[in-house]
Amino acid sequence: MLGAYAVRVARHGRPAMPRLGDSPGSALLPGSVVEAVYWSFHAPARALVRLGVSPDTLTYLSLALSLACAPLLASGRFRAGAALLVAGAALDALDGMVARAGGRASRAGAVLDSCVDRLSDAAPLIGLALFYRERAAWLAVPLVAMVASSLVSYARAKADIYRISLPNGLMRRHERLAYLVAALFFGPAVPAARWTGALPFPITIAGVAFVACVALAAGLRLVQRTRACLAAADAAELPGPRATARGGSDGRPRLLGGGKPSSAPL
C-alpha cells in the first residue's frame, strides 16, 4: 500500500484529499501513512457505488465486526480480534466515501456514523477489560483508555458544534486504532515475562496503557483549548463598561462607581 502510494505521488503528485486536511498525521503517526491508507480505499469505494451498496449497510457491518472482536479479545484470541477490528475499521472508512461518491451523504448518515464509531471504539477495550479482569490495576488500563478515547472524540465534536478549528493533535480515531491493532498483533509474541510476573501479554497491556495516557493528555488539552477559544469569544461579545453620565454640581458628566474617564474611544 505504501509502495503503491509512493509510486503514485512520484508519477502524478500528491492527490487532493480535502477530507484529511493539510496535515493528517501527527507527531507519532506519519501523515504519508494516513494518506496512503485513505487513498487505497478510493477504488473499493467506487466499486461499491457501482454495485449499489448502501452506506448504512457498510456502517452496520462495521459495527457488527467491531462488536464481534470483543468476545475474541476477552478469551485471549488477540490476533483474530485484531483482524476483525481492522475489517470493521475498513468498512467504517468506506461508508463515508461511498456516501460522498454516490451522492448519498446526509446529516442523518453522519449522526449514525458518529454513534457507531463510539460503540466500535468501546468494543475492543471492553473485551480487553474482561480479559484483564483478575487484577484491578490491569483492568483499569483498558477502562482508562476507553474513557480517554471518548474524551478526545467528544472534545472535537463539541469544538465542531461551536465552529472552533482545533489542530490535528494526537490520538484521533485512526491513530488510536493503529496502536491498538499493533498491540494486539504483537502481544501474543510475549505471552508472559519474568519481570511482569503473572501479567499475560505485557506488550498488549503496555500498548493500551500508551493509548490511555496519551489520549487522556490529548483530550484534556483539547478541552482546554476549546474553553480558551470560547472564553475569548464570549469576552469579545460582552459589552464593555459604559460611562453613564450624571450631572454633578459643576455640570460636568461623571462616571458612576467612582471611575475615571478613559481617553480611549468608546
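That block above? That's the structure.
Calculation notes
Residues numbered from 1 in each chain as written. Predicted model: local features only at pLDDT ≥ 70, side-chain atom pairs only at ≥ 80, totals over all residues. Heavy atoms only, no water. Helix = DSSP H or I, 4+ residues; strand = E, 2+ residues; numbered from the N terminus. Buried < 20%, exposed > 50% of the residue type's maximum accessible area, 1.4 Å probe, protein only. Contact = heavy atoms within 4.5 Å. Areas by Shrake-Rupley, 256 points an atom, 1.4 Å probe, with all protein chains shown as cover. Patch = residues over 30% accessible without salt bridge, like charges linked within 9 Å, V, L, I, M, F, W, Y side chains within 5 Å. Salt bridge = Lys/Arg side-chain N within 4 Å of Asp/Glu carboxyl O. Axes fitted to C-alpha atoms, helices over the stretch in contact; angles between N-to-C directions. Parallel < 35°, antiparallel > 145°, perpendicular 65-115°, else oblique. Nonpolar A, V, L, I, M, F, W, Y, C, P; charged D, E, K, R; others polar. Core = buried A, V, L, I, M, F, W, Y, C linked by side-chain atoms within 4.5 Å. Expected span 1.5 Å × (residues − 1).

1. Remarks on the overall build of the protein
Item 1. Looking only at helices and strands, one finds nine helices and two strands in the protein.
Item 2. Order of helices (α) and strands (β) in the protein, N terminus to C terminus: α-α-α-α-α-α-α-α-α-β-β.
Item 3. Here the protein holds 266 residues, and 36% of them are scored as buried.
Item 4. When contacts within the protein are restricted to residue pairs at least 6 apart in sequence, those whose partners lie at least 24 apart make up 67%.
Item 5. Only carbon and sulfur atoms are counted for the fraction: they give 63% of the accessible area of the protein, which is about 15,600 Å².

2. Side note on a nonpolar patch on the surface
Item 1. There is a patch of nonpolar side chains on the surface, built from Val144, Leu216 and Leu220 and spanning about 240 Å² of accessible area.
Item 2. Looking at the element boundaries, valine 144 is found in helix α7 (residues 136-161).

3. Brief notes about the packing of helix α2 (residues 31-40) against helix α3 (residues 42-51)
Two quantities define a packed helix pair, namely the angle between the axes and the distance from one axis to the other.
Item 1. Relative orientation of the contacting elements α2 and α3 amounts to 25 degrees, with a least axis distance of 4 Å. The angle between α2 and α3 falls in the class roughly parallel. Along its contact with α2, which presents Tyr38, Trp39 and Ser40, the element α3 presents His42, Ala43 and Pro44.
Item 2. Counted by class, the contact of α2 with α3 contains four nonpolar, two polar and no charged residues.

4. Focus: the nonpolar core
Item 1. If you look at the biggest cluster of nonpolar residues, it comprises 28 residues, and the most contacted ones within it are Leu58, Leu94 and Met171.
Item 2. When residues of this core are traced back to their parent elements, those giving at least two are α2, α3, α5 (78-101), α7 and α9 (202-237).
Item 3. In terms of residue count, α9 provides more of this core than any other element does, five residues in total.
Item 4. With sequence-adjacent residues up to four places away left out, leucine 58 is seen in contact with Leu48, Val53, Leu91, Leu94, Asp95 and Val98.

5. Concerning α5
Think of an α-helix as 3.6 residues a turn; residues three or four steps apart then line up on the same face.
Item 1. Its 24 residues give α5 an end-to-end C-alpha distance of 34 Å, which sits within 8% of 34 Å, the value for a rise of 1.5 Å per residue.
Item 2. A positive phi of about 70 degrees marks glycine 103, the residue just after α5.

6. A short note on the environment of valine 141
Item 1. Following the sequence through the fold, valine 141 ends up in helix α7.
Item 2. Sequence-wise, valine 141 and valine 211 are 70 residues apart; in three dimensions their C-alpha atoms are separated by 9.4 Å.
Item 3. In this structure valine 141 touches Ile205, Val208, Ala209 and Ala212, once residues within four positions along its chain are discounted.

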